[in-house]
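Spelled out, the chains give:
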Amino acid sequence: MFTRIVKMSFHEENVPKFLENFDLIKEKIRNAHGNRFLTLYQDKNNKNIFFTYSHWETEQDLENYRNSALFDEVWTFTKKLFNQKPEAWSVDAVVRLN
């Protein structure tokens, strides 16, 4: 399992649109095959910046999601709201304390 982190920065007036849409599709994303966890974070200092953290069973599961109709729907809507190019990382946990 690995974590996918995506940083997204929005025009201020688009934040409510993003949040409304995310609320509508979050369960669909979370229920995508291989997705085991999904959290949306908002930056404490810049309320226009958000991060998604998602845990995926395999890289192929993430790729399948990224090539799905759901991702196309989500990304087509969301990318119009950005004020900067999004950034993404796939990372493996080195140490985890619960």
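Rules of the game
- Residues numbered from 1 in each chain as written.
- Predicted model: local features only at pLDDT ≥ 70, side-chain atom pairs only at ≥ 80, totals over all residues.
- Heavy atoms only, no water.
- Helix = DSSP H or I, 4+ residues; strand = E, 2+ residues; numbered from the N terminus.
- Buried < 20%, exposed > 50% of the residue type's maximum accessible area, 1.4 Å probe, protein only.
- Contact = heavy atoms within 4.5 Å.
- Polar contact = N/O pair within 3.5 Å; in protein donor to acceptor, adjacent residues only side chain to side chain.
- Arc of directions from axis to C-beta.
- Phe/Tyr/Trp six-rings, centres within 6.5 Å; stacked < 30°, edge-to-face > 60°.

Caption draft 1: Examining the environment of Thr 3 more closely. Looking at where Thr 3 falls in the secondary structure, it is placed in strand β1 (residues 2–9). The exposure class assigned to Thr 3 is buried, which follows from its relative accessible area of 13%. A sequence separation of 54 residues divides Thr 3 from Glu 57, and the C-alpha atoms of the two residues are 9.0 Å apart. Beyond its immediate sequence surroundings of up to four residues, Thr 3 is in contact with Tyr 53, Ser 54, His 55, Trp 89, Ser 90 and Val 91. Looking at Thr 3, its side chain comes within polar contact range of the side chain of His 55, at 3.4 Å.

Caption draft 2: Geometry of helix α2 (residues 59–66). Those residues of α2 not exposed but buried are Asp 61, Leu 62 and Tyr 65. For α2, the buried positions fall inside an angular range of 100° around the axis, keeping them on one side. Each element contacted by the buried residues of α2 is listed here: β1, α1 (15–30), β3 (49–56), α3 (69–78) and β4 (87–91).

Caption draft 3: Quick look at the side chain of Asn 48. Position of Asn 48 among the secondary structure elements: in the loop between β2 (35–42) and β3. Using a relative accessible area of 18% as the deciding quantity, one classes Asn 48 as buried. Beyond its immediate sequence surroundings of up to four residues, Asn 48 is in contact with Met 8, Ser 9, Phe 10, Glu 12 and Val 15.

Caption draft 4: Looking closely at the packing of aromatic side chains. If you walk through the whole model with that rule in mind, you get ten aromatic pairs. Feature note: the residues Phe 10, Phe 18, Phe 22, Phe 50, Trp 56, Tyr 65, Phe 71, Trp 75 and Phe 82 constitute an aromatic cluster, connected by ring pairs.

Caption draft 5: Broad picture of α3. Those residues of α3 that fall on the buried side of the exposure criterion are Leu 70, Phe 71, Val 74 and Thr 78. Buried residues in α3, looked at end-on, bunch into an arc of 95°, giving them a common side. Facing away from the buried side of α3, by more than 90 degrees, are the exposed residues Ala 69 and Asp 72. On the buried face of α3, the contacting elements are β1, α1 and α2.

Structural measurements only, silent on function.
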